[in-house]
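Remarks on the overall topology
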Amino acid sequence: MKPDFGYSINQSQKIDLDQTPKDVAAFVLRFEPSFAICIGCGTCMATCSAGHFTHFNLRMAQLMVMRGQIKKIHEDIEKCMLCGKCQMLCPRGVNTRNVVLAIHRFTHPLSRT
Ligand code: SF4
Ligand code: SF4
């Protein structure tokens, strides 16, 4: 019998990149090419109102796009208010609002029309 320590081992968080879809990253890059120069610095999140009041994190959303983890960002991306504050701070000049729009278009097929 296993001892009960009041906690358990977490499930593996391993991501097999060979098994995740690549079409979401390709779609976002086509829609907004500046996405390619994001360095994942997180500066965009320093000012994000949505991130302040919810668990939304644009940098994480962008990372998940690159990893093809679209299930996780499907609902999250709606929390962005497209205010554009993140775009003003981005040191790489990434058009973050367009990146959000692209993710939204991909994850919500009805908005592609
Ligand atoms: S601030 Fe710009 S470069 Fe940094 S994570 Fe955000 S989008 Fe990427
Ligand atoms: S546009 Fe969206 S991600 Fe950027 S600061 Fe505004 S709410 Fe946050």
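Up top is the structure.
In this text the structure is predicted, and so the values were computed from the model without any measurement. (Residues numbered from 1 in each chain as written. Chains lettered and ligands numbered in written order. Predicted model: local features only at pLDDT ≥ 70, side-chain atom pairs only at ≥ 80, totals over all residues. Heavy atoms only, no water.)

1. Comments concerning the site of ligand 2
Ligand 2 sits among C48, A50, F56, L58, C80, M81, L82, C83, G84 and C86. Of all the cavities here, the one that holds ligand 2 is the largest cavity. In terms of residue class, the shell around ligand 2 is made up of 9 nonpolar, 1 polar and no charged. (Near = heavy atom within 4 Å. 1 Å grid on protein atoms, 1.4 Å probe; cavity = no way out; pocket = protein on both sides within 12 Å on 5 of 7 lines; lining within 4 Å. Sits in = over half its atoms within 2 Å of the grid points. Nonpolar A, V, L, I, M, F, W, Y, C, P; charged D, E, K, R; others polar.)

2. Describing the pattern of salt bridges
For the coordinates displayed, the defined rule picks out 1 salt bridge. K79 serves as the salt-bridge partner of D76, at 2.8 Å between the closest nitrogen and oxygen. Residue classification places D76 among the buried residues on the basis of a relative accessible area of 17%. Accessibility expressed as a relative area gives 35% for K79, which makes it partly exposed. (Salt bridge = Lys/Arg side-chain N within 4 Å of Asp/Glu carboxyl O. Buried < 20%, exposed > 50% of the residue type's maximum accessible area, 1.4 Å probe, protein only.)

3. Considering unusual backbone geometry
With phi around 55°, L82 is a residue other than glycine that occupies positive phi space. Looking at where L82 falls in the secondary structure, it is placed in the loop between α4 (70-76) and α5 (85-89). (Helix = DSSP H or I, 4+ residues; strand = E, 2+ residues; numbered from the N terminus.)

4. Comments concerning the packing of aromatic side chains
Applying the stated criterion to the full structure yields 3 aromatic pairs. When the centroid spacing of 6.3 Å and the interplanar angle of 20° are considered together, the rings of F27 and F31 count as stacked. Remark: F31 and F27 occur in helix α1 (residues 23-31); sequence separation between them is 4 residues, near one turn of the helix. On the basis of relative accessibility, which here comes to 16%, the residue F27 falls in the buried class. Each member of the aromatic cluster is reached from another via a ring pair, and the members are F27, F31 and F106. (Phe/Tyr/Trp six-rings, centres within 6.5 Å; stacked < 30°, edge-to-face > 60°.)

5. Topic: the packing of helix α3 (residues 58-67) against helix α6 (residues 96-107)
One way to put it is that α3 packs onto α6 with a least axis distance of 11 Å and a crossing angle of 55°. One finds that α3 runs oblique with respect to α6. Regarding α3 and α6, the two cross each other, and that crossing is left-handed. Where α3 approaches α6, its residues L58, Q62 and V65 are matched on the opposing element by T96, V99, V100 and I103. Each residue belonging to the contact of α3 with α6 can be placed in one class, and the counts come to 5 nonpolar, 2 polar and no charged. (Axes fitted to C-alpha atoms, helices over the stretch in contact; angles between N-to-C directions. Parallel < 35°, antiparallel > 145°, perpendicular 65-115°, else oblique. Left-handed = near helix turned anticlockwise from the far one by under 90°. Contact = heavy atoms within 4.5 Å.)

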